[in-house]
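Chain by chain, the residues:
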Amino acid sequence: MIGKLRVVNSLTKQKEEFVPLNAPHVGMYVCGPTVYSDVHLGNVRTFISFDVIYRYLQFLGYKVRYVRNITDVGHLLDSGEDKISKKAKLENLEPMEIVQKYTNDFRQVMDTFNALPPDIEPTATGHLMEQIKMIQELLANGYAYESNGSIYFDISKYNEDRQYGKLSGRKTEDLLNQTRELDGQSDKRNPLDFALWKKAAPEHIMRWNTQWSDGFPGWHLECSVMSTKYLGEEFDIHGGGMDLKFPHHECEIAQNAGSTGKEGARYWLHTNMLTVNGQKMSKSLGNSFLPEQLITGNHELLERGYSPMTIRFFMLQSHYASTLDFSNEALNAAQKGYTKLANGLRLIKSYEYPQNAEGDLNQKQVDQINKICDNCHYAMNDDFNTALTIGHLFNLVKKINSIQTGQLKFTDIGEETFNRMKQTFIAFTEDVLGLKLESEISTDNLLEVILSEYKAAKESKDYDKVDELRAKLKAEGVIVKDMKSGVDWAFEE
RNA sequence: GGUCCUGUGGCCGAGUGGCUAGGCAGAGCUCUGCAAAAGCUCGUACAGCGGUUCGAAUCCGCUCGGGACCUCCA
């Protein structure tokens with residue numbers, strides 16, 4: 001390993017060396033989507049960021065267990081309605097049909113962006129027993145109370161022993177002065193208290209029977225429960241979007257500490273927001289577009305569509321903790337930049353160091369290339385700085401292109417350096433950043449080009465060429481069909 | 001209102017005490033049948049004003065601008 005990995009920990013607001021609890025194992029939990037509608041582009045950014053983090057940890061040799069939940073119950077609207085229930089009523093479907101539909105969509109979208117699936121993708125409804133158990137523990141420890149069939153987390157009690165708000169830097173007194181009126185608040189002893197279990201109103205369709213009531217779990221609980229179950233009471237990394245810091249992650253810490261005595265994650269990583277014209281991209285502002293729309297260009301804010309890898313590249317050109325502004329100009333620039341990088345990848349993959357090459361080493365070139373390779377490691381080690389890494393990769397692209405044009409000879413850099421460059425470039429581009437070649441070349445159109453050559457050869461009675469083309473196409477599984485009506489092709493049977 | 005982040009060249013975007021980030025756009029050169037690709041070179045960038053320092057885009061203070069969170073959101 002070259003250098004040491006350092007990460008910015010939201011918990012301490014410091015850049016710290018990353019030391020896993022049980023190396024070579026690393027446990028990472030990321031808050032996943034609530035599957036009640038199409039996945040938001042902001043989610044995509046967050047999950048692409050953590051995909052790179054996951055990939056880089058693996059690249060460093062860690063055995064990572066990546067857990068990302070699917071929220072399929074308990075996430076409420078201001079009105080007190082469950083998001084999934086509401087959608088189910090709207091579309092006249094079972095809640096679980098909604099869940100399945102948007103889970104499928106979500107996975108498909110993430111796959112389009114070449115994000116690896118997590119190792120465990122647990123659902124809230126699949127862990128009700130565990131949630132009930134954690135509520136019982138919190139009750140037993142005195143950090144929760146029952147009220148009208150609902151169970152709430154007791155912030156005042158918790159504050160006697162610990163400090164609620166340490167992650168987001170909030171003070172309970174300040175929070176108390178500015179809470180809004182919410183449904184069911186009258187059952188709480190303190191407006192800051194949050195629901196662990198809510199008694200279901202008669203019209204509420206997602207409900208489970210417990211000793212307290214027919215009800216459903218609170219939104220924050222699932223993450224505490226599932227991270228503890230799969231990663232332990234203490235684990236390495238917890239990630240999510242900045243906007244989950246408060247209250248969601250704060251509540252998670254409180255639940256973990258209140259039930260197990262340990263606060264869960266040791267390193268908290270938060271991704272920043274996507275913006276459009278400087279404003280946060282959000283559903284309520286109407287300035288957001290779906291991943292699908294960004295790819296097809298079917299949205300009034302978009303001049304054209306952009307390929308999935310262009311979008312992934314665009315996102316990785318900024319640091320995950322910075323906001324990233326979307327504009328057609330920036331996306332166009334990314335499109336060209338990505339193509340340049342992809343061409344470099346295609347080239348280097350096709351190159352092998354030639355046998356029997358003779359010539360003197362150019363030490364300056366050797367040193368430069370080795371330094372750039374080192375820099376890729378240093379950049380990723382510095383809190384997963386993908387933007388800087390891409391900068392270094394472009395420096396390697398220049399070297400690769402110079403080999404193609406002959407301005408740089410294989411012998412200038414020697415076999416060892418060439419192989420290191422090739423290995424480093426491919427590993428960082430494909431394995432770490434998850435950027436892959438995507439061909440936008442249409443096979444059909446290429447066939448058209450070849451068939452028109454075929455027709456031309458036939459018309460000029462160049463039968464040697466006709467036979468040659470026909471044979472070559474056959475070798476590729478394409479049969480040329482010479483018909484009275486014209487020339488077409490078919491798959492070889 | 002409270003808490004916090006941020007302001008980098010035409011655009012995007014890293015960096016955060018002295019060392020060329022990078023991409024896109026632009027200019028020049030090399031190569032070239034044409035066109036392109038590619039390589040090389042260039043533009044005297046760090047919101048403003050003070051301060052600390054041998055030295056600041058980078059630290060501190062103030063001013064101005066932008067934004068986020070404060071129980072919908074990744």
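Residues numbered from 1 in each chain as written. Chains lettered and ligands numbered in written order. Predicted model: local features only at pLDDT ≥ 70, side-chain atom pairs only at ≥ 80, totals over all residues. Heavy atoms only, no water.

Per an unreviewed UniProt entry, the recorded name for chain A is Cysteine--tRNA ligase, and the organism is Marinoscillum furvescens DSM 4134. The record in UniProt for chain A states the following under Sequence similarities (unreviewed entry): "Belongs to the class-I aminoacyl-tRNA synthetase family." Per its UniProt entry, chain A bears the Subunit (unreviewed entry) comment "Monomer." (UniProt positions renumbered as here; feature names shortened; annotations may be inferred.)

*Asks:* Help me understand the UniProt feature "short sequence motif: 'HIGH' region" (unreviewed entry) in chain A in this model?
*Replies:* UniProt's feature table lists "short sequence motif: 'HIGH' region" (unreviewed entry) at residues 33-43, given in the numbering used throughout. In residues 33-43, the share of helix is 27% and the share of strand is 0%. The end C-alpha atoms are 7 Å apart. (Helix = DSSP H or I, 4+ residues; strand = E, 2+ residues; numbered from the N terminus.)

*Asks:* Please clarify how the packing of aromatic side chains should be interpreted in this entry.
*Replies:* Summed over the entire model, instances satisfying the criterion amount to 23 aromatic pairs. Pairing Trp489 with Phe491 gives two aromatic rings, centres 5.1 Å apart and planes at 90°, and the pair type is edge-to-face. For Phe491, a relative accessible area of 64% translates into the label exposed. Taking the ring centre of Phe47 as reference, the NZ or CZ of Arg68 above it sits at 5.0 Å. The ring of Phe246 has Arg170 lying over it, and the distance from NZ or CZ to the ring centre is 4.4 Å. (Phe/Tyr/Trp six-rings, centres within 6.5 Å; stacked < 30°, edge-to-face > 60°. Buried < 20%, exposed > 50% of the residue type's maximum accessible area, 1.4 Å probe, protein only. Lys NZ or Arg CZ within 6 Å of the ring centre and 35° of its normal.)

*Asks:* I tried to follow the packing of helix H4 (residues 128-140) against helix H7 (residues 221-231) on my own but got confused; where do I start?
*Replies:* Between H4 and H7, whose axes approach to 9 Å, the crossing angle comes to 100°. As far as their axial angle goes, H7 and H4 are roughly perpendicular. Residues Glu130, Gln131, Met134 and Ile135 of H4 form the contact with H7, whose participating residues are Leu221, Glu222, Ser224, Val225, Thr228 and Lys229. (Axes fitted to C-alpha atoms, helices over the stretch in contact; angles between N-to-C directions. Parallel < 35°, antiparallel > 145°, perpendicular 65-115°, else oblique. Contact = heavy atoms within 4.5 Å.)

*Asks:* Just checking my understanding: could you explain the side chain of Arg312 for this structure?
*Replies:* As for its placement among the helices and strands, Arg312 is situated in helix H10 (residues 308-316). Residue Arg312 is classed as buried on the basis of its relative accessible area of 0%. For Arg312, the contacting residues outside a window of four places in its chain are Ile48, Asp51, Val52, Arg55, Phe113, Asn114, Ala115, Leu433, Gly434 and Leu435.

*Asks:* What should I look at first to understand the domain arrangement of chain A in this one?
*Replies:* Size of an interface: often given as the accessible area lost when the parts come together. For chain A, the domain assignment lists domain 1 (20-271), domain 2 (298-432) and domain 3 (443-491). The C-alpha centroid of domain 2 is placed 38 Å from the C-alpha centroid of domain 1. Contacts between the two partners involve 20 residues from domain 1, matched on the other side by 24 residues from domain 2. A combined buried area of about 1,900 Å² lies between domain 1 and domain 2, and 70% of that area is made up of carbon and sulfur atoms. Along the contact surface separating domain 1 from domain 2 lie one salt bridge. The salt bridge involving Asp51 is made with Arg312; its shortest N-O contact spans 2.8 Å. Here domain 1 is connected to domain 2 by nine residue pairs in polar contact (both at pLDDT 80 or more). Looking at the side of domain 1 that touches domain 2, the elements with two or more residues in it are helix H1 (41-59) and strand E11 (264-271). Class assignment of the residues belonging to the side of domain 1 that touches domain 2 gives a composition of twelve nonpolar, five polar and three charged. (Domains from an automatic or database assignment. Buried area = accessible area lost by both parts, 1.4 Å probe. Salt bridge = Lys/Arg side-chain N within 4 Å of Asp/Glu carboxyl O. Polar contact = N/O pair within 3.5 Å; in protein donor to acceptor, adjacent residues only side chain to side chain. Nonpolar A, V, L, I, M, F, W, Y, C, P; charged D, E, K, R; others polar.)

*Asks:* What's the story with the pattern of salt bridges in this structure? I'm lost.
*Replies:* Note on pairing: side chains with opposite charge can pair once their charged atoms come close. In total, this model carries 24 salt bridges according to the counting rule given. Between Asp154 and Arg189 there is a salt bridge; the shortest N-O distance is 3.5 Å. Here the residue Asp154 occupies a position in the loop between strand E6 (150-153) and helix H5 (155-161), and Arg189 occupies one in the loop between helix H6 (172-176) and strand E7 (195-199), the gap between them amounting to 35 residues. Asp154 gets classed as buried once you look at its relative accessible area, which sits at 11%. Using a relative accessible area of 60% as the deciding quantity, one classes Arg189 as exposed. Among the salt bridges present, the one from Glu468 reaches Lys472, with a minimum N-O distance of 2.8 Å.

*Asks:* What is the right way to read the sheet that holds strand E13 (residues 279-280) from this model?
*Replies:* Neighbouring strands of a sheet are bound in pairs by backbone hydrogen bonds; such pairs are parallel or else antiparallel. Strand order in the open sheet formed by three strands is E13-E12-E14, and the pairing between neighbours is mixed. On the outer flanks of this sheet lie E13 and strand E14 (324-326), each paired with one strand and no other. Direction of pairing for strand E12 (residues 274-276) relative to E13: antiparallel, over a ladder of two bridges. Bridging from a neighbouring strand, Val276 pairs with Gln279 of E13. (Pairing = 2+ DSSP bridges.)

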